[in-house]
Amino acid sequence: MNRVSEYREKQGLSQFALSQKIGVARQTINLIENNKYNPSLNLCISLAKVLGTDLNGLFWEEEDGK
Amino acid sequence: MENKKKESLFTKYLKMFYGVSGPLDEYKRQEINRIGNNSFIACWLYIATLSLFLIFYGTSHPQNAISIFIVANFVFLMILSVYIIIATKRSNLTTNEVSVDNYKKAKRKVVYKGIGFGIYFVLAMYLITPLTSLSSGNKSYIESLKHPEGGFLSFIVGGLIFGISMYIIMRIRIKKMK
């Protein structure tokens, strides 16, 4: 599981607001959060920048499965 | 970070053809590629099969073959169109999500688009319909343009129905987001 929704909520953004900031559709954000779509590296970097974190923080699974 | 790149003509064409609303991001592009590839494979198989049919049957019964060819093409195009409509709807490509601030603007845009589609339909029908009378040989193309068979009113009514239908379809697709 990725932590996009967790970081998004920390920033107080809705899926729609985040999608507007990155320039993608809300459905795409929803699919990424539910692990139904693997985003490209460029999109991952955009997400990390907007959410104020790095790729490891967003997508790297820790040993305890988080 | 906001992506405000100007859309190319090809992107606009892709969006219009598949009825995509909103930004054509990587997910939507991937889905369009998948739907397009499936359609291409179906077209390839259909053309190959139909060509074989025309080679074996068309040489001995050309008139029957032409009739079957026309009907089969029409049916195939209908099936393909239905597939594209269902596939784009399932992938959520057609939903037009707009913010509360832009909701009124989006609604107005849809009205203009509906009017545009209506005008386009009237012009297309006005120019294409006389071609059918050419095959019967009764009137010349110019003569048919001056005096269309159903009269000008039929084009206008057709354009109105088409424009309103397109407006309703696009209006249903708009979703207000907070």
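Values in this document were obtained by computation on a predicted structure and should not be read as measured data. Counting restarts for each chain: residues are numbered from 1 in the order of the written sequence. Ligands are numbered from 1 and chains lettered from A, in the order in which they are written. Two thresholds apply to this predicted model, a pLDDT of at least 70 for residue-level local features and 80 or more for giving and counting side-chain atom pairs, whereas whole-chain, interface and lining totals are computed over all residues. Note that the side-chain values use all heavy atoms of the structure and ignore hydrogens as well as water.

**Some thoughts on the UniProt feature "domain: HTH cro/C1-type" (unreviewed entry) in chain A**
Working step 1: UniProt positions are given in the numbering used here, feature names are shortened, and annotations may be inferred rather than shown by experiment. Mapped onto the present numbering, the UniProt feature "domain: HTH cro/C1-type" (unreviewed entry) falls on residues 4-58 of chain A.
Working step 2: The helix count covers DSSP runs of H or I at least four residues long, the strand count covers runs of E at least two residues long, and both are numbered beginning at the N terminus. Here residues 4-58 of chain A runs as 67% helix and 0% strand, with 6 Å between its end C-alpha atoms.

**With respect to helix H3 (residues 62-90) of chain B**
Residue and element names in this part refer to chain B.
Working step 1: Given a rise of 1.5 Å per residue, 29 residues ought to cover 42 Å, and the 41 Å separating the end C-alpha atoms of H3 matches this to within 8%.
Working step 2: Relative accessibility thresholds used throughout: buried, under 20% of the residue-type maximum; exposed, over 50%; partly exposed, between the two (1.4 Å probe, protein chains only). The complete set of buried residues in H3 reads Ala65, Phe76, Leu80, Ile84, Ala87 and Thr88.
Working step 3: Pairs of residues are marked as contacts when any of their non-hydrogen atoms sit within 4.5 Å. As for H3, its buried residues are in contact with helix H1 (9-18) and helix H2 (26-58).
Working step 4: Looking at the residues trailing H3, positive phi occurs at Asn92, about 60 degrees. Multiplying one less than the number of residues by 1.5 Å gives the expected span of a helix.

**Remarks on the packing of H1 of chain B against H2 of chain B**
Residues and elements named next belong to chain B.
Working step 1: At a minimum axis distance of 12 Å, the contact between H1 and H2 shows a crossing angle of 65 degrees. In the packing of H1 onto H2, the handedness of the crossing is left-handed. Contacts from Thr11, Leu14 and Tyr18 in H1 reach Arg29, Ile32, Ile35 and Gly36 in H2.
Working step 2: In this count, Pro and Cys sit with the nonpolar residues alongside Ala, Val, Leu, Ile, Met, Phe, Trp and Tyr, while Asp, Glu, Lys and Arg are called charged and the others, Gly among them, polar. Across the contact of H1 with H2, the residue classes tally to four nonpolar, two polar and one charged. All axes are obtained by fitting lines to C-alpha atoms, using only the stretch in contact for helices, and the reported angles, taken between N-to-C directions, cover 0 to 180 degrees. For any pair of crossing helices, the crossing counts as left-handed if the nearer helix is rotated counterclockwise from the farther one by less than a right angle, and right-handed if it is rotated clockwise.

**Some thoughts on a nonpolar patch on the surface**
All names here are of chain B.
Working step 1: Each patch is built from residues that are more than 30% exposed by relative accessible area and take part in no salt bridge. Like charges join if they lie within 9 Å; nonpolar side chains (Val, Leu, Ile, Met, Phe, Trp, Tyr) join within 5 Å. Accessible surface area values rest on a Shrake-Rupley calculation with a 1.4 Å probe, where residue burial reflects the displayed protein chains alone. Definition used for salt bridges: Asp or Glu carboxyl oxygen within 4 Å of a side-chain nitrogen of Lys or Arg. Among the surface-exposed residues, Phe152, Ile156, Leu160, Ile164, Ile168 and Ile172 lie close enough to one another that they form a single nonpolar patch of about 610 Å² accessible area.
Working step 2: Mapped onto the secondary structure, Ile156 falls in helix H6 (residues 152-173).
Working step 3: Ile156 sits in the partly exposed class, given a relative accessible area of 45%.

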